[in-house]
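A closer look at the structure
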Amino acid sequence: MSKSPPILQRFDPAGERRRVGRVFLVGAGPGDPELLTLRAARLLAQADAVVYDHLVGSGILELVRKGAELVYAGKEKCRHTLPQDEINALIVRLARQGKQVVRLKGGDPFIFGRGGEEAETLAEEGIDFEIVPGITAASGVSCYAGIPLTHRDYAQSCVFATGHLKDDSLNLDWDNLARPRQTVVIYMGLGALPEISRQLIAHGRMPDVPAAVVEQGTTHSQRVVTGTLASIPERVAEQALKSPCLIIIGEVVALQQKLQWFDAGAQEAPKRAVSA
Ligand SMILES: C[S@@+](CC[C@H](N)C(=O)[O-])C[C@H]1O[C@@H](n2cnc3c(N)ncnc32)[C@H](O)[C@@H]1O
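Residues numbered from 1 in each chain as written. Predicted model: local features only at pLDDT ≥ 70, side-chain atom pairs only at ≥ 80, totals over all residues. Heavy atoms only, no water.

1. Quick notes on the overall build of the protein
- Per the secondary structure count, the protein includes 10 helices and 14 strands.
- Of all 276 residues assigned to the protein, the portion counted as buried reaches 47%.
- Taking the intrachain contacts of the protein between residues at least 6 apart in sequence as the baseline, contacts between residues at least 24 apart amount to 68%.
- Total accessible area on the protein is roughly 14,200 Å²; 52% of this is exposed by carbon and sulfur atoms. (Helix = DSSP H or I, 4+ residues; strand = E, 2+ residues; numbered from the N terminus. Buried < 20%, exposed > 50% of the residue type's maximum accessible area, 1.4 Å probe, protein only. Contact = heavy atoms within 4.5 Å. Areas by Shrake-Rupley, 256 points an atom, 1.4 Å probe, with all protein chains shown as cover.)

2. A word on the sheet that holds strand β4 (residues 49–52)
- Reading across the sheet, the 5 strands line up as β5-β4-β8-β3-β9 and stay open at both edges, with parallel pairing between neighbours. Each having just a single partner strand, β5 (69–72) and β9 (128–132) make up the two edges of the open sheet. Taken pair by pair, the neighbouring strands of this sheet meet at an average axis angle of 15°, ignoring direction.
- Contacts between helix α1 (residues 38–46) and the sheet are confined to β3 (22–27), β4, β8 (100–105) and β9, with β3 contributing the most and set at about 135° to the helix. (Pairing = 2+ DSSP bridges. Axes fitted to C-alpha atoms, helices over the stretch in contact; angles between N-to-C directions.)

3. A closer look at helix α5 (residues 137–145)
- Where burial is concerned, most of α5 is hidden: 7 out of the 9 residues are buried.
- All of the buried residues along α5 are Ala137, Ala138, Gly140, Val141, Ser142, Tyr144 and Ala145.
- Of the residues flanking the end of α5, it is glycine 146, one or two places downstream, whose phi is positive at about 75°.

4. A closer look at the site of the ligand
- For the ligand, the set of nearby residues contains 19 residues, the closest of which are Pro30, Ile111, Thr136, Met188 and Cys245.
- Between the ligand and the protein, one listed contact pairs an oxygen atom with a backbone N or O atom of aspartate 108 at 2.8 Å.
- The contact in question runs from an oxygen atom of the ligand to an N or O atom on the backbone of methionine 188, over 2.8 Å.
- Its free accessible area being 570 Å², the ligand has 89% of it covered by the protein chains.
- Of all the elements in the fold, those that place two or more residues in the shell around the ligand are α5 and β14 (245–249). (Near = heavy atom within 4 Å. Polar contact = N/O pair within 3.5 Å; in protein donor to acceptor, adjacent residues only side chain to side chain.)

5. Some remarks on helix α7 (residues 193–202)
- Within α7 the residues assigned to the buried category are Leu193, Ile196, Ser197 and Leu200. Seen from one end, α7 has its buried residues packed into an arc of 100°, which puts them on one side. With respect to the buried face of α7, the exposed residues turned more than 90 degrees away are Arg198 and Ala202.
- Residues of α7 that are buried make contact with α6 (174–177), β11 (182–187), β12 (210–215), α8 (232–239) and β14.
- Of the residues trailing α7, glycine 204 is marked for its positive phi of about 110°. (Arc of directions from axis to C-beta.)

6. Quick look at the packing of helix α3 (residues 84–96) against helix α4 (residues 115–125)
- It is the contact of α3 with α4, at a shortest axis distance of 10 Å, that shows an interaxial angle of 45°. Here α3 is positioned oblique relative to α4, judged by the angle of their axes. As for the relative orientation of α3 and α4, their crossing is right-handed in sense. Facing Gln84, Ile87, Asn88, Ile91, Val92 and Arg96 of α3, the residues of α4 in contact are Glu117, Glu118, Thr121, Leu122 and Glu125.
- Taken together, the residues of the contact of α3 with α4 break down into 4 nonpolar, 3 polar and 4 charged. (Parallel < 35°, antiparallel > 145°, perpendicular 65-115°, else oblique. Left-handed = near helix turned anticlockwise from the far one by under 90°. Nonpolar A, V, L, I, M, F, W, Y, C, P; charged D, E, K, R; others polar.)

7. Concerning the packing of α7 against α8
- Where α7 meets α8, the closest approach of the two axes is 9 Å, and the angle between their N-to-C directions is 165°. With respect to their mutual orientation, α7 and α8 come out roughly antiparallel. Seen from above, α7 lies across α8 with right-handed handedness. Every residue of α8 that contacts α7 at Leu193, Pro194 and Ser197 is listed here: Ile232, Pro233 and Val236.
- Grouping the constituent residues of the contact of α7 with α8 by class yields 5 nonpolar, 1 polar and no charged.

If you want it as structure tokens, here you go:
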């Protein structure tokens, strides 16, 4: 294992040595705590304060140092987070108190995670920061669902898009997304799924191209619904899937039947049944 991050110390104008705060923007992965990086686990065990989002699983929070301040930045009920400027102000304030702050975010901080906005604030405010990548939902969820995002026979490119833009519009580059032999992964697209399906078909993607929606991927509540681009909105409505859900569209989805390996209902995932 690599060394722990050094605790920074500086001298204030009176010549006193004081601890300097620092913020770690850390990706927590898509749900399964086993998917956390070693770096993330080490930082959680050393943190003075942890500011976390609602997509961060409770198993991950168990790794936080006892006595650390835990701040919840998400409102699970109404499924939106604290206003971004309040979160920015909070992490700056905690760092100015000399704390080692872990800002823990679902998946990867730089993929639809607003990590860029938070890092910009820290840079502008002159706060030391570090960014720790995490396994993004597209990667973790597709693996646990048995859907390879690329495959030499089916998909030569893969695009990640959001189904929820900042201004609530769904003004995506449909011509680009509808290209053949390409896997399209859509984050935050559950509510807009009927529109996404309509637009992709209208822009040339075949209605019978396979599609999947994965709810709570990588966790023991994972559900996978498959169909075609044309049928998937109805299938998802029948199964009443709820957020968080990831949409995967492309020929690779046809492999899901053959490659599914993760038994979400099992007490222990197969990978943990293997003894050392
Ligand atoms: C605000 S984005 C955060 C993405 C995150 N930064 C990442 O890299 O995965 C939240 C969206 O990610 C997707 N997502 C995150 N975790 C998921 C999971 N375990 N299963 C399915 N989708 C997930 C869903 O589309 C959800 O609405």
